[in-house]
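# Chain and residue survey
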Amino acid sequence: MYRFLLTPRWWGINLFAVLAIPLCVFMGTWQLGRFEDRVQSHEQAAKQPAPGARAAKPLDDLLPVDTVTSGRPATATGRYADQFLVPGRELDDKSGFYVLNMLRTDGGKALPVVRGWLPGRPGHTPVPAAPTGEVTVTGDLQASENTGTDGVDTAGGLPDGQLGMISAASLVNLVPYDVYDGWVTLQDTDSSAAAGDGTLRPVPAVAPQGSGLDLKAFQNLGYTGEWFVFAAFVLFMWFRLVRREAEAARDVKLGLVPDTDTDAGTRTA
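Residues numbered from 1 in each chain as written. Predicted model: local features only at pLDDT ≥ 70, side-chain atom pairs only at ≥ 80, totals over all residues. Heavy atoms only, no water.

## Section: the overall build of the chain
What counts, and what does not: What counts as a helix is a DSSP run of H or I of at least four residues, what counts as a strand is a run of E of at least two, and both are numbered from the N terminus. Only protein chains enter the calculation, and the probe is 1.4 Å; a residue is then buried if its accessible area is under 20% of its type maximum, exposed if over 50%, and partly exposed in between. For this analysis, residues touch if any pair of their heavy atoms sits within 4.5 Å. For the area figures, the Shrake-Rupley method with a 1.4 Å probe applies, and any residue is considered shielded solely by the protein chains shown.
For the chain, the helix and strand inventory stands at five helices and six strands. Evaluated residue by residue, the chain yields a buried proportion of 33% over its 269 residues. In the chain, of all internal contacts separated by at least 6 residues, the share reaching a separation of at least 24 is 64%. Per element, the accessible surface of the chain, about 16,100 Å² overall, is 58% carbon and sulfur.

Spelled out as structure tokens, the structure:
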């Protein structure tokens, strides 16, 4: 009754099922692993002290920036050089911009330093001048931004002196010196002053991407279910087709329905 499984048409169906089901199970398992990794990193981060509460270390000791060093206080010494304004950044639900200065270190590389946040629009709000001479800064280390970072301007066309994304890749085209792959945000500005008086307000450090139970983590869990459901659907449809074909073959054998192949041969004769 099941000899039809060896026909060329069923070879194709069987091959599809044999390949599709393991693939779906593999993809579902992979997505589940991604979700478990995010849960584990979230639990590890929750057990560790707050990054800002740790002792400051030299910048070079904390590079490259990863989920462990992101948010850690870093120190660097140098002189402030080029200044950029980063528009479209919010703080306490108010629109404003970051004030970023490049700190030229003794090694020649420059560290992007966000000195603070100001309300309003660049060019319409006075910006306090950066300190002159050699300075030592201590700020919370952050990874370079990317297109998925909140507030990033990817449209381009910004005026001179403005920056849409804080990253070494974007800054290296604007300054004639090497740039660290990372930046720091200073926390020693006067945050108690009222907004609008020209006083820089500190920009809080953010958690590194992929270190918490964010929407992407639950997307991984949703994709896990989808892949497993699809594997079950392929298996269900294969059994359903086999059962229907077997029932059709049985009906032909019992004479309940005509054998189309035999009838076609009789008509031809």
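## Topic: the pattern of salt bridges
Let me state the cut-off plainly: In the sections that follow, a salt bridge refers to a side-chain nitrogen of Lys or Arg positioned within 4 Å of a carboxyl oxygen of Asp or Glu.
Summed over all chains, the structure comprises three salt bridges. Residues Arg-89 and Glu-145 are paired through a salt bridge, measuring 2.8 Å at the closest nitrogen-oxygen approach. With Arg-89 in strand 2 (residues 73-91) and Glu-145 in the loop between strand 5 (134-142) and helix 3 (168-171), the pair connects residues that are 56 residues apart, well separated along the chain. Taking the relative accessible area as the measure of exposure, Arg-89 reaches 3% and is therefore buried.

## Structural notes on the environment of Pro-22
Here Pro-22 is to be found in helix 1 (residues 8-47). The spatial distance from the C-alpha of Pro-22 to the C-alpha of Ala-231 is 7.8 Å, given a sequence separation of 209 residues.

## Notes on the nonpolar core
The following threshold applies: Here, nonpolar core means buried Ala, Val, Leu, Ile, Met, Phe, Trp, Tyr and Cys residues that are tied together by side-chain atoms lying within 4.5 Å of each other.
If you look at the biggest cluster of nonpolar residues, it comprises 18 residues, and the most contacted ones within it are Phe-84, Tyr-98, Leu-100, Met-102, Val-114 and Ile-166. In this view, Val-114 contacts Tyr-98, Val-99, Leu-100, Ile-166, Trp-183, Val-184, Thr-185, Leu-186 and Val-203; residues no more than four positions away in its chain are not counted. Formed by 15 residues, the second largest nonpolar core is a distinct cluster that contains Leu-62, Leu-103, Leu-141 and Val-184.

## Topic: the packing of aromatic side chains
Let me state the cut-off plainly: When the centres of two rings from Phe, Tyr and Trp lie within 6.5 Å, Trp using its six-membered ring, the rings pair. Their planes under 30 degrees apart give stacked, over 60 give edge-to-face, and anything left gives tilted. We call a charge positioned over a ring when the NZ of a Lys or the CZ of an Arg lies within 6 Å of the ring centre and within 35 degrees of the ring normal.
One pass over the full model with this rule turns up one aromatic pair. Here Trp-238 and Phe-239 contribute two aromatic rings whose centre-to-centre distance is 5.1 Å and whose plane-to-plane angle is 80 degrees, an arrangement assigned as edge-to-face. The ring of Tyr-177 has Arg-104 lying over it, and the distance from NZ or CZ to the ring centre is 4.1 Å.

## Notes on the pairing of strand 3 (residues 94-105)
Consecutive residues of a regular strand have side chains that alternate between opposite faces of the sheet. The cut-off we apply is this: DSSP-based pairing: two strands are paired if at least 2 bridges between them are found.
Strand 3 sits mainly inside the fold: nine of its twelve residues count as buried. As paired strands, strand 2 and strand 3 are joined by eleven bridges and run antiparallel to one another. For Val-86, the partnering residue across the bridge sits in strand 3 and is Tyr-98. Connecting strand 2 to the next strand, strand 3, in antiparallel fashion are two residues, including Asp-92 with a positive phi near 55 degrees. Where strand 3 hands over to strand 4 (residues 110-119), the hairpin turn is made up of four residues, of which Gly-108 adopts a positive phi near 100 degrees.

## A closer look at the side chain of Thr-185
The condition that has to hold: In the analysis that follows, any N or O atom pair within 3.5 Å is treated as a polar contact, provided that within protein one partner can donate a hydrogen and the other can accept it, and provided that, for residues neighboring in sequence, both atoms belong to side chains.
Mapping Thr-185 onto the fold places it in strand 6 (residues 183-186). In terms of polar contacts, Thr-185 uses its side chain to reach the backbone carbonyl oxygen of Val-203, at 2.6 Å. Here Thr-185 is in contact with Val-114, Gly-139, Asp-140, Gln-142, Val-203 and Ala-205, once residues within four sequence places are set aside.

## Structural notes on the side chain of Thr-105
Among the secondary structure elements, Thr-105 is positioned in strand 3. Engagement of the side chain of Thr-105 in a polar contact is seen with the backbone oxygen of Lys-109, the distance being 2.7 Å. Apart from residues lying up to four places away in sequence, Thr-105 is in contact with Thr-77, Gly-78 and Tyr-180.

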